[in-house]
Amino acid sequence: MDTTDIVNSKEFRHVMGLFPTGVTVVAAQIGERIHAMTANAVMSVSLDPLLVCVGIGRRTKMNAFIEEAGSFSINILREGQRDLSQLFAGTWKHSPLPEVRFEPWVGGPRLAGCLGAIGCQIYEILQGGDHRLILGRVVALYIGEEPLRPLVFYRGEYRTLNSGVR
């Protein structure tokens, strides 16, 4: 059955927006150049070996950059880092730019002040429609300072958790 007659991309995005996600900045480094992008299509894949997956649009600059780099970091944003999410999503419209600092780290550059980070070596790249699914073998983990409160994206808006989080 061809679902294109029944389902369209706008409705799909609306329904997927009902699923709250964390907000991350994926970063890779080649020499002195660092390239980063906001991503919420991130998931844990396997415990043996330790694998994660990030979906990256085929047409993005990050697509070729991350493949050439061979490694990347997934930086989990915390409450109060909405500006960084917007900056790396290309939607920041204010001046001046928010302060950004990446620290050298195993796997890829780690965003200073992030809630947590995962350093990865590319394990496999899979094709997924208009995206590529980058599987990363986890080579480093980082947990930031308390409070551990993530930035969340839900129904097209940034949100915060307000209960049950220490």
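Note: the structure precedes this text.
A brief structural summary. Since the model is a prediction, treat every value here as computed from it, not as a measurement.

What to know about the nonpolar core
V26, V54, I56, M62, I66 and F72 are the most contacted members of the largest nonpolar core, which totals 17 residues. Those elements giving two or more residues to this core turn out to be strand 2 (24–30), strand 3 (33–39), strand 5 (50–57), helix 2 (61–69), strand 6 (71–76), strand 9 (116–128) and strand 10 (131–143). Discounting chain neighbours no more than four positions away, the residues touching I56 are M37, M62, N63, I66, H131, R132 and I134. Within the second largest apolar cluster, twelve residues are counted, among which are L77, F88, F102 and L151.

Brief notes about the sheet that holds strand 1 (residues 21–22)
The three strands are arranged 1-11-12 in an open sheet whose pairing can be described as antiparallel. Strands with a single pairing partner mark the edges of an open sheet, and in this sheet they are strand 1 and strand 12 (157–160). Relative to strand 12, strand 11 (residues 151–154) is paired through four bridges, and the arrangement is antiparallel. In the strand pairing of strand 12, L151 is matched with T160.

Focus: the pattern of salt bridges
Tallied over the entire structure, the rule returns four salt bridges. Note that E103 and R101 form a salt bridge whose closest N and O atoms lie 3.0 Å from each other. Judged by its relative accessible area of 46%, R101 is partly exposed. E103 is paired through a salt bridge with R110; the nearest N and O atoms lie 2.7 Å apart. By relative accessible area, which is 13% here, R110 ends up buried. Within the structure, one salt-bridge network assembled from shared partners comprises R101, E103 and R110.

Points about unusual backbone geometry
A cis amide bond links D48 with the next residue in sequence, P49, at an omega value of 5°. Relative to the helices and strands, P49 resides in the loop between strand 4 (42–47) and strand 5. Residue P147 follows E146 across a cis peptide bond; omega there is 0°. Topologically, P147 is positioned in the loop between strand 10 and strand 11. With a phi close to 50°, R155 is a non-glycine residue in the positive phi region. As for its position among the elements, R155 is in the loop between strand 11 and strand 12.

Reading guide: rules and limits
- Residues numbered from 1 in each chain as written.
- Predicted model: local features only at pLDDT ≥ 70, side-chain atom pairs only at ≥ 80, totals over all residues.
- Heavy atoms only, no water.
- Core = buried A, V, L, I, M, F, W, Y, C linked by side-chain atoms within 4.5 Å.
- Buried < 20%, exposed > 50% of the residue type's maximum accessible area, 1.4 Å probe, protein only.
- Helix = DSSP H or I, 4+ residues; strand = E, 2+ residues; numbered from the N terminus.
- Contact = heavy atoms within 4.5 Å.
- Pairing = 2+ DSSP bridges.
- Salt bridge = Lys/Arg side-chain N within 4 Å of Asp/Glu carboxyl O.

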